[in-house]
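Report on the structure
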Amino acid sequence: MTKNDNIDNNPGIAGQLAKYFIDSRLTVLIIIFAFLAGITAFLITPREENPQIIVPAANIIVAKPGASPDEVEQLIIKPLESILQGMRGVEHTYGIATDSMGVVTVQFNVGEDKEDSLVKLYDHIMSNIDRIPPGTEQPLVKPVDVDNVPILTISLSSDTIEDGELRRVGNRVMEVLRRVDGTSVSYLHGGRPRTINVELELDKMKSFGVSLSQITDVLDATNVRSSSGTLVSKNTVKQVRAGGMLQNANDLGKLVVALYQHKPVYLSDIASITDGPAEITQQHRFAAGPAFSGTRPLNYETPAVSIAIAKRSGSNAVTVAEDVLEKLDEIRSQIIPADINVNITRNDGARADAAVNTLLEHLAIAIATVVLLFFVTAIGFATRYKRCPSDKILVVYGKIAGKGPAVSAKCIHGGATFVWPVLQDHQFLDLTPIPIEIKLEGALSLQNIRVNTPSTFTVGISTETGVMQNAAERLLGLTMQNVQELARDIIFGQMRVVIATMSIEDINADREQLIDNITKGVESELQKVGLRLINVNIQD
């Protein structure tokens, strides 16, 4: 038994699995299922521009009014950091001390559960609340979440409308857009909020004998609404509320802040009250750069507000952004005035979609290239896989691998083999029988008597292993006529040798012995060149 036979009989686990799936009808179903599963995964997998890495973190904000940064560091930051470093799962902490406030940021290890980490953090802080110095307000824990990063930013700008009105419109737009499914937190940046400014006049306060504390006490007591019970009337229960929130500058100006000479002193008597935008502390502007393709403002920069919208964790940034923009187009003519320009200054959904599409395009090109190379290689291998017909011998020559002495060629009969390009080439030897007419005249016998022995020989290329190798080395490239002439010369010589060893009586009396002697002599010589003797017919 050869090594190849042993492998065929014991293919091993990998061979058995390969054989099973080659013969099984389930293979096609498995391929179809895998293809459909891949398409489904492509359609339902959320598209993200940024990787969704779970890194729980939080800011702990602690206020201590009147404390300097050094005091905040010594009394709040360092004790709080020592408390947090004892927690399991905390990677590192760092703190910032400012006037009257300290902020400690704690970051947990990557992969820690966010909800569990925040619960442990809050519980750890509350269990050590007694270590906070007197005069310190209760710590505020604010989680830092990657999902709070906006995926969409909408800018509202105008050449004619002030930033305060832009902010009011932006608030209305944000209230509608934040109700779109899949959105999370939303922010509004820019624009001055509406405020009621009270500018106190010190001379009037002094003349009426009004202090600042009196004014603040009246504002705190007046700007409140409380429940005063219920009123039952005609089978109806109504809630009774006392007080009311201040609505405008007129309400504020009518507040009685003191009594002077038995007369009420109103807030409008000692202060100038205006209802409008707050003081300018920061500027939010919109400017069109060289790459801007929308409607350019008249001025280089215009007042603007920006609405930033984040998505919910696990939702698809592409679909959420598309839904928000669709809702924006729907309400644009209803809420946003015509002289307000709307520009999308950030769209992570579109960028993620473009990035994924580019990735898929490159992936498709790579797959197509691999498939093309595979088919080209397969076709190349198929063209170089040579099958040998039953009436021929396939001779492969060139670089032939083998053990032992160098092999000049590999001969195959009735099989197939792969012929490596460049390194190897191949030819065929024809096994067609070759008839040879031998008209031997005047051959000398043992008694030096001349004998005429006309005969017909049939020869052919041998398929025996060793003899085939001789044929590959000596007959390759010869035509059938060349092989016939070579065989005729060998037969002529061997017949003369055989007749010279026999007497005339043996030649005439024992024809079978003559044929046997000729066959043995001729066949041994033919095998040296790769031929075999098929038939011998000696005529009378």
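A short tour of the structure in this document, coming up. From a predicted model like this one, the values you see are computed outputs, not experimental measurements. (Residues numbered from 1 in each chain as written. Predicted model: local features only at pLDDT ≥ 70, side-chain atom pairs only at ≥ 80, totals over all residues. Heavy atoms only, no water.)

Details of the environment of Val 72
- Within the element layout of this structure, Val 72 appears in helix α4 (residues 69-84).
- Excluding anything up to four places from it in sequence, Val 72 contacts Ala 67, Ile 77, Ala 97, Thr 98, Ser 100, Met 101 and Gly 102. (Helix = DSSP H or I, 4+ residues; strand = E, 2+ residues; numbered from the N terminus. Contact = heavy atoms within 4.5 Å.)

Describing the packing of helix α11 (residues 317-335) against helix α12 (residues 348-384)
- Where α11 meets α12, the closest approach of the two axes is 8 Å, and the angle between their N-to-C directions is 140 degrees. With respect to α12, the axis of α11 lies oblique. Note that α11 runs across α12; the crossing there is left-handed. Note on element contacts: α12 touches α11 through Gly 349, Ala 352 and Asp 353, opposite Ala 317, Val 318 and Ala 321.
- Of the residues contributing to the contact of α11 with α12, the split by class is 4 nonpolar, 1 polar and 1 charged. (Axes fitted to C-alpha atoms, helices over the stretch in contact; angles between N-to-C directions. Parallel < 35°, antiparallel > 145°, perpendicular 65-115°, else oblique. Left-handed = near helix turned anticlockwise from the far one by under 90°. Nonpolar A, V, L, I, M, F, W, Y, C, P; charged D, E, K, R; others polar.)

Description of the sheet that holds strand β1 (residues 57-63)
- Read from one edge to the other, the open sheet built from 4 strands follows the order β2-β3-β1-β4, with strand pairing classed as antiparallel. Both outer strands of the open sheet, β2 (90-98) and β4 (140-144), are each paired with one neighbouring strand and no more. Averaged over neighbouring strand pairs, the angle between their axes works out to 20 degrees when direction is ignored.
- In the packing of α4 onto the sheet, contacts are made with β1, β2 and β3 (101-108), and the angle to β2 comes to roughly 165 degrees.
- Strands β1, β3 and β4 of the sheet are contacted by helix α5 (residues 114-127), whose axis makes an angle of about 25 degrees with β1. (Pairing = 2+ DSSP bridges.)

So, the sheet that holds strand β20 (residues 424-430)
- Read across the sheet, 3 strands follow the order β18-β17-β20 without closing on themselves; strand pairing throughout is antiparallel. The sheet terminates laterally at β18 (409-412) and β20, the two strands that pair on one side only. Between one strand and the next, the sheet's axes are offset by a mean angle of 25 degrees, whatever the strand orientation.
- Summarising the sheet, strand β17 (residues 392-398) and β20 pair through 7 bridges and their orientation is antiparallel. Among the inter-strand pairings, Val 395 is bridged to a residue of β20, identified as Gln 427.

Observations concerning α12
- Helix length check: α12 (37 residues) gives 53 Å between terminal C-alpha atoms against 54 Å at 1.5 Å per residue, within 8%.
- Residues of α12 that are buried include every one of Asp 348, Gly 349, Ala 352 and Val 356, and no others.
- Looking at the buried side of α12, the elements it contacts are α11 and β15 (341-347).
- Put simply, Asn 347 is the residue that caps the front of α12, since its side-chain oxygen is 3.1 Å from the backbone nitrogen of Gly 349. (Expected span 1.5 Å × (residues − 1). Buried < 20%, exposed > 50% of the residue type's maximum accessible area, 1.4 Å probe, protein only. Polar contact = N/O pair within 3.5 Å; in protein donor to acceptor, adjacent residues only side chain to side chain.)

What is shown is where atoms sit, not what they do.
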